[in-house]
Amino acid sequence: MGLAAAVLLLAASAAVGRELSVPPLRLDGNESRTDVLLMRQEVRLEEMVMLLTDIRDTLVDQRSPTDEPSPTDEPSPTDEPSPTDEPSQHADAPSTTAATETSKSPPTCPDKFQEVGGVCLHLASSRQVSWEEARLYCQRLGGDLVHGLWNAEVGQSFVRNTSPAGDSIVWVGGHDQGAEGRWAWLSGDPIPRSSTLWGSFLLMKQPSGGKRENCACFYGPDDYQLHDIPCNREYEPLCQVEHRNG
């Protein structure tokens with residue numbers, strides 16, 4: 001039972017149990033005793049109704065409507081921490097099946113040779129041989145007389161540094177033995193007469209020896225410029241060889 005209902009019930013009981021002040025009835029003398037009693041009872045009931053109504057209104061005015069407590073929001077279940085991504089047990093591992101490259105040392109020049117400008121060169125300064133013998137000597141070392149435009153330019157600088165006095169003559173791999181006047185390297189590449197490698201002798205532009213001079217050399221007295229010379233003369237071989245893999 002609510003609080004308001006209990007108060008009303010108690011008030012009603014009190015009103016019924018006490019003498020209500022009933023105003024005196026004005027009778028004209030014609031009413032019977034029964035009528036008088038009924039009239040008194042009616043007045044009492046009206047007064048009780050008025051009393052109960054006043055009590056109800058008073059209770060309503062005094063009671064401040066309070067919002068019923070809203071159900072407390074239950075704490076939402078906290079999100080369970082997402083499982084930490086554990087390192088995959090199948091993480092990429094170095095493949096055991098992949099072929100491992102064998103570490104290789106950079107290419108080197110064979111014994112007696114030194115690398116100059118990317119070319120393996122050897123100057124046999126203590127050996128004096130003909131052009132043909134010079135080729136055989138270099139071939140026994142695994143190479144041949146220096147040939148090719150780039151290799152010859154590198155070899156020319158090398159000889160200049162090795163024998164700066166200019167008192168040496170060095171065989172190289174150029175000739176016109178196949179056809180007079182058609183100078184070529186051992187590789188078959190031509191040696192143009194306009195090449196800056198060619199020097200001069202007694203104001204004569206090389207090559208100038210004709211059929212008598214069919215082999216090429218670096219001529220020391222002309223700052224090791226290219227000259228033609230008889231193949232049977234004996235000079236120092238300048239050999240070249242390919243790099244050797246480590």
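Residues numbered from 1 in each chain as written. Predicted model: local features only at pLDDT ≥ 70, side-chain atom pairs only at ≥ 80, totals over all residues. Heavy atoms only, no water.

Draft legend 1. Representation of the overall build of the protein. Secondary structure summary: the protein contains four helices and 10 strands in total. By sequence separation, contacts in the protein at least 24 residues apart represent 71% of the contacts at least 6 residues apart. For the protein, the computed accessible surface area is about 17400 Å², with 52% contributed by carbon and sulfur atoms. (Helix = DSSP H or I, 4+ residues; strand = E, 2+ residues; numbered from the N terminus. Contact = heavy atoms within 4.5 Å. Areas by Shrake-Rupley, 256 points an atom, 1.4 Å probe, with all protein chains shown as cover.)

Draft legend 2. A look at the packing of aromatic side chains. Per the counting criterion, the structure on display carries three aromatic pairs. Measuring from centroid to centroid gives 5.2 Å for W171 and Y235, while their planes differ by 55 degrees, and the two rings are tilted. Pair noted here: W171 is in strand β4 (residues 169-175) and Y235 is in the loop between β9 (225-229) and β10 (236-241), with a separation of 64 residues, a long-range link. Residue W171 shares its accessibility class with Y235, and that shared class is buried. A ring pair is formed by W183 and W198, whose centres lie 5.4 Å apart and whose planes are at 75 degrees; its orientation type is edge-to-face. Taken together, the residues span a long stretch of sequence, with W183 in the loop between β4 and β5 (184-185) and W198 in the loop between β5 and β6 (200-201) at a distance of 15 residues. Residue class for W198 comes out buried when judged on its relative accessible area of 2%. (Phe/Tyr/Trp six-rings, centres within 6.5 Å; stacked < 30°, edge-to-face > 60°. Buried < 20%, exposed > 50% of the residue type's maximum accessible area, 1.4 Å probe, protein only.)

Draft legend 3. Quick look at helix α3 (residues 131-140). All of the buried residues along α3 are W131, A134, Y137 and C138. Buried residues of α3 fall within an arc of 115 degrees about the axis and therefore sit on the same side. Of the residues flanking the end of α3, it is G142, one or two places downstream, whose phi is positive at about 95 degrees. (Arc of directions from axis to C-beta.)

Draft legend 4. How the structure looks around the environment of Q114. The residue Q114 is located in strand β1 (residues 114-116) in this model. Taking C-alpha positions, Q114 is 10.0 Å from H243, a pair spaced 129 residues apart along the chain. When residues no more than four places from it in sequence are discounted, the contact partners of Q114 are C109, V119, C120, L121 and F158.

Draft legend 5. Region of interest: unusual backbone geometry. A cis geometry characterises the amide bond from Q206 onward to P207, with omega recorded as -5 degrees. Structurally, P207 is set in the loop between β7 (204-205) and β8 (215-219). Phi at K112 is positive, roughly 75 degrees, even though this residue is not glycine. Checked against the element boundaries, K112 lands in the loop between α2 (33-62) and β1. Taking relative accessible area as the criterion, K112 reaches 58% and is therefore assigned exposed. Look at Y224: it is not a glycine, yet its phi comes out positive at around 60 degrees. By the element assignment, Y224 lies in the loop between β8 and β9.

Draft legend 6. Structural detail: the pairing of β10. Across the six residues that make up β10, a large majority, six, are buried. Neither face of β10 is exposed, since E236, L238 and Q240 on one face and P237, C239 and V241 on the opposite face are all buried. In this sheet, β10 lies alongside strand β2 (residues 119-123) in antiparallel orientation, the contact comprising four bridges. Paired with C120 across the strands is V241, a residue of β10. Alignment of strand β3 (residues 144-145) against β10, held across two bridges, turns out to be antiparallel. Each residue of the ladder has a partner; that of L145, found in β10, is C239. (Pairing = 2+ DSSP bridges.)

Draft legend 7. Up close: the pattern of salt bridges. Inspection of the entire model under this criterion finds two salt bridges. Of the charged contacts, one joins D144 and R135 as a salt bridge, the two residues approaching to 2.8 Å between their closest N and O atoms. According to the relative accessible area criterion, R135 is partly exposed, its value standing at 21%. Here R160 ties to D223 by a salt bridge, and the two come within 3.5 Å at their closest N and O atoms. Of this pair, R160 sits in helix α4 (residues 149-162) while D223 sits in the loop between β8 and β9, and the two are 63 residues apart along the sequence. Owing to a relative accessible area of 48%, D223 belongs among the partly exposed residues under this scheme. (Salt bridge = Lys/Arg side-chain N within 4 Å of Asp/Glu carboxyl O.)

Draft legend 8. View of the state of the cysteines. Going through the model one piece at a time under the given rule, you end up with three disulfides. One disulfide in the model links C138 with C239; its S-S distance is 1.8 Å. Every disulfide takes its handedness from the sign of the S-S torsion; for C138 and C239 that torsion is -75 degrees, giving left-handed. Placement of the pair is C138 in helix α3 and C239 in strand β10, with a sequence separation of 101 residues. Take C138 and C239: they sit in the same class, and that class is buried. Listing the disulfide partners of the protein by sequence rank of the bonded cysteines yields 1-2, 3-6, 4-5. (Disulfide = S-S within 2.5 Å.)

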